[in-house]
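Report on the structure
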Amino acid sequence: MSPSTHPLAGPIVAPSLLSADFARLDQALALVDPARDWVHCDVMDNHFVPNLTFGPQVVAAARRLSAAFLDVHLMIERPETLIAGFRAAGADLVTVHLEACADPAATMAAVRATGARAGLTLRPGTPFAQAEPWLEDLDLFLVMTVEPGFGGQAFMPGMLEKVRAAREWRERHGARYLIEVDGGISSATAPQCRAAGADVFVAGNAIYAQSDPRRALQELRTAVG
Ligand code: DX5
Ligand code: ZN
């Protein structure tokens, strides 16, 4: 699929591979429709978060298995050292945590220099105001709706306020970033996020832990559409 046909306006559902069966990544990715969905890849380093997942090799495998837009969420310290590797593996968008960047402007410039789109995110406890200096040029602002590190956690309703703040800032400043929510997103919680201003809906357990993941994905698309 050529990049110009990837969906770049909400609502978009992004199945998270974190909850997929890694022995059946081909089946997990077969559900995804590259014309309407993204694929979310959670990279964890056991330092920034207390969990360890995968690196560029698995992103490259996802790239070979799917033409969908690859949304790579880096929950790692010193992300700048690995950005080029994830881009080479096929990442279309790379999101970094503000708390993990020594120099956020330089890190986002490094993402953009690879040709990837640039995303920024905050832990739930980090106030929205701390992201403001970097929002102008962003492609995506991710509101974490759980503490990063694990799938299957409960949605934090208090984060809806951060989604609203991100929408208001975008309107006030004419910025272009998409607002993504990640953590505890389901057919029950996604509509509240949509109403607050979210454009991209990451979901792991609500899709891959269900008995019929294909149907669960369709339900989520309907819930946000
Ligand atoms: C958590 C990850 C999420 C995770 C969400 O740190 O960033 O992307 O896959 O999983 P669910 O949808 O199960 O809460
Ligand atoms: Zn994520």
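In short, a report on the structure. Everything numeric here is computed off the predicted structure, so don't read it as measured data. (Residues numbered from 1 in each chain as written. Chains lettered and ligands numbered in written order. Predicted model: local features only at pLDDT ≥ 70, side-chain atom pairs only at ≥ 80, totals over all residues. Heavy atoms only, no water.)

Focus: the coordination of the zinc ion (ligand 2)
We apply this condition: Any nitrogen, oxygen or sulfur atom within 2.8 Å of a metal ion counts as a donor, with the limit raised to 3.2 Å for Na, K and Ca, and since water is left out, coordination shells can look unfinished. Sites are called tetrahedral only when four donors show all angles between 85 and 135 degrees, square planar or octahedral only when four or six donors show opposite pairs over 155 degrees and all other angles between 65 and 115, and irregular in any remaining case. Strands are runs of DSSP state E lasting at least 2 residues, helices are runs of H or I lasting at least 4, and numbering of each runs from the N terminus. Burial classes: relative accessible area under 20% of the type maximum marks a residue as buried, over 50% as exposed, and values in between as partly exposed (1.4 Å probe, protein chains only).
Protein-derived coordination of the zinc ion (ligand 2) comes from His40 (NE2), Asp42 (OD), His73 (ND1) and Asp182 (OD), at a distance range of 2.0 to 2.3 Å. Taken together, the 6 donor atoms coordinating the zinc ion (ligand 2) and their angles of 70 to 170° define a geometry best described as octahedral. Mapped onto the polypeptide sequence, the residues donating to the zinc ion (ligand 2) form the spacing pattern H-x1-D-x30-H-x108-D. Of the two residues, histidine 40 is situated in strand S2 (residues 38–44) and histidine 73 in strand S3 (residues 69–75); the sequence distance between them amounts to 33 residues. Take histidine 40: its relative accessible area is 0%, and that puts it in the buried class. Accessibility expressed as a relative area gives 0% for histidine 73, which makes it buried.

With respect to the packing of aromatic side chains
What counts, and what does not: Any pair of Phe, Tyr and Trp rings, taking the six-membered ring for Trp, is counted once the centres come within 6.5 Å. Such a pair is stacked with planes under 30 degrees apart, edge-to-face with planes over 60 apart, and tilted for the rest. Whether a charge sits over a ring depends on NZ of Lys or CZ of Arg being within 6 Å of the ring centre and within 35 degrees of the ring normal.
Evaluation of the coordinates by the stated rule reveals 5 aromatic pairs. Cluster of aromatic residues (ring-pair linked, three or more members): Phe128, Phe141, Trp169 and Tyr177. A cation over an aromatic ring shows up here: arginine 123 above the ring of phenylalanine 48, its NZ or CZ 4.1 Å from the ring centre.

Looking at the layout of surface pockets
One way to see where empty space is left: roll a probe the size of a water molecule over the atoms. Threshold: A 1.4 Å probe that fits into a set of points on a 1 Å grid over the protein atoms alone but cannot get out defines a cavity; an open set with protein on both sides within 12 Å along at least five of seven lines defines a pocket, and lining residues are those with an atom within 4 Å of a point. Grid points are joined across faces, edges and corners, and a volume is the space filled by probe spheres set on the points. Note on residue classes: Ala, Val, Leu, Ile, Met, Phe, Trp, Tyr, Cys and Pro are nonpolar, Asp, Glu, Lys and Arg are charged, and everything else, Gly too, is polar.
Taken as a whole, the largest pocket holds about 250 Å³ of empty space. Lining the largest pocket are 25 residues, with Gly151, Gly152, Asp182, Gly183 and Gly184 positioned closest to its centre. Secondary-structure elements contributing two or more residues to the lining of the largest pocket are S2, S3, strand S8 (200–203) and helix H7 (205–208). A class-by-class count of the residues in the lining of the largest pocket yields 11 nonpolar, 12 polar and 2 charged.

Concerning the site of ligand 1
Inclusion rule: In this text, near means that some heavy atom of the residue lies within 4 Å of the molecule or strand in question. Within 3.5 Å is the distance limit for a polar contact, defined as a pair of N or O atoms, with the added protein rule that one can donate a hydrogen and the other accept it, and that residues adjacent in sequence qualify only through two side-chain atoms. Areas reported as accessible are Shrake-Rupley estimates using a 1.4 Å probe. Residue values count occlusion only from the protein chains shown.
As a structural note, the neighbourhood of ligand 1 is formed by 20 residues, with Ser16, Asp42, Gly149, Asp182 and Gly204 the closest of them. Separating an oxygen atom of ligand 1 from a side-chain N or O atom of serine 16 is a distance of 2.7 Å. In the environment of ligand 1, an oxygen atom lies 2.8 Å from a nitrogen or oxygen atom belonging to the backbone of glycine 152. Here ligand 1 has 380 Å² of accessible area as a free molecule, and 99% of this is covered by the chains.

Description of the pattern of salt bridges
Basically, it comes down to this: Any Lys or Arg side-chain nitrogen found within 4 Å of a carboxyl oxygen on Asp or Glu counts as a salt bridge.
In total, this model carries 8 salt bridges according to the counting rule given. Through salt bridges with shared partners, one network takes in Arg170, Arg194 and Asp199.

A look at the pairing of S8
Keep this limit in mind: When DSSP finds at least two bridges between two strands, those strands are taken to pair.
Every second residue of S8 is oriented toward a common face, with Val200 and Val202 on one face and Phe201 and Ala203 on the other, all of them buried. Bridge count between strand S1 (residues 12–15) and S8: 4 bridges; the pairing is parallel. Bridge pairing in S8 places valine 13 opposite phenylalanine 201.

Some details on the sheet that holds S1
Under the convention used in this document: Only the contacting stretch of a helix is used when fitting its axis, a line to C-alpha atoms as for every element, and angles between N-to-C directions run 0 to 180 degrees. Working rule for contacts: check all heavy atoms of both residues, and any pair within 4.5 Å makes them a contact.
Pairing in this open sheet of 8 strands is parallel, and the strands run S1-S8-S7-S6-S5-S4-S3-S2 from one edge to the other. Since the sheet does not close on itself, it has two edges, and those belong to S1 and S2, each with one partner. Neighbour-to-neighbour, the strand axes of this sheet turn through a mean angle of 25°, independent of strand direction. Contacting S1 and S8, helix H8 (residues 213–224) crosses the sheet at an angle of about 150° to S1.

Details of the state of the cysteines
Quick reminder of the rule: When two cysteine sulfur atoms lie within 2.5 Å, the pair is treated as a disulfide.
According to the stated counting rule, one finds 0 disulfides in the structure shown. Counting only cysteine sulfurs, cysteine 101 is the nearest neighbor of cysteine 41, a cysteine outside any disulfide, at a range of 19 Å. Owing to a relative accessible area of 0%, cysteine 41 belongs among the buried residues under this scheme.

Brief notes about the side chain of aspartate 45
The test is simple: Positive charges are assigned to Lys and Arg, negative charges to Asp and Glu, while His and the chain termini are left out of the count.
Take aspartate 45: it is sitting in the loop between S2 and helix H2 (56–65). Among buried charged residues, aspartate 45 stands out as having no salt bridge; its nearest opposite-charge side chain is arginine 123, 8.0 Å away. Polar side-chain contacts of aspartate 45 include one of 2.8 Å to the backbone nitrogen of histidine 47. At 2.8 Å, the side chain of aspartate 45 forms a polar contact with the backbone nitrogen of glutamate 77. In contact with aspartate 45, not counting residues within four places along its chain, are Asn51, Leu52, Met75, Ile76 and Glu77.

Notes on helix H4 (residues 104–113)
Cut-off, in case you're wondering: Starting at the helix axis, one direction is taken to each C-beta atom, and the arc is that of these directions.
For H4, the complete set of buried residues consists of Pro104, Thr107, Met108 and Val111. The arc that holds every buried residue of H4, seen down its axis, measures 95°, which confines them to one face. At its buried positions, H4 is contacted by helix H3 (83–89), strand S4 (93–97) and strand S5 (117–122). Glycine 115, located one to two residues past H4, shows a positive phi value of around 100°.

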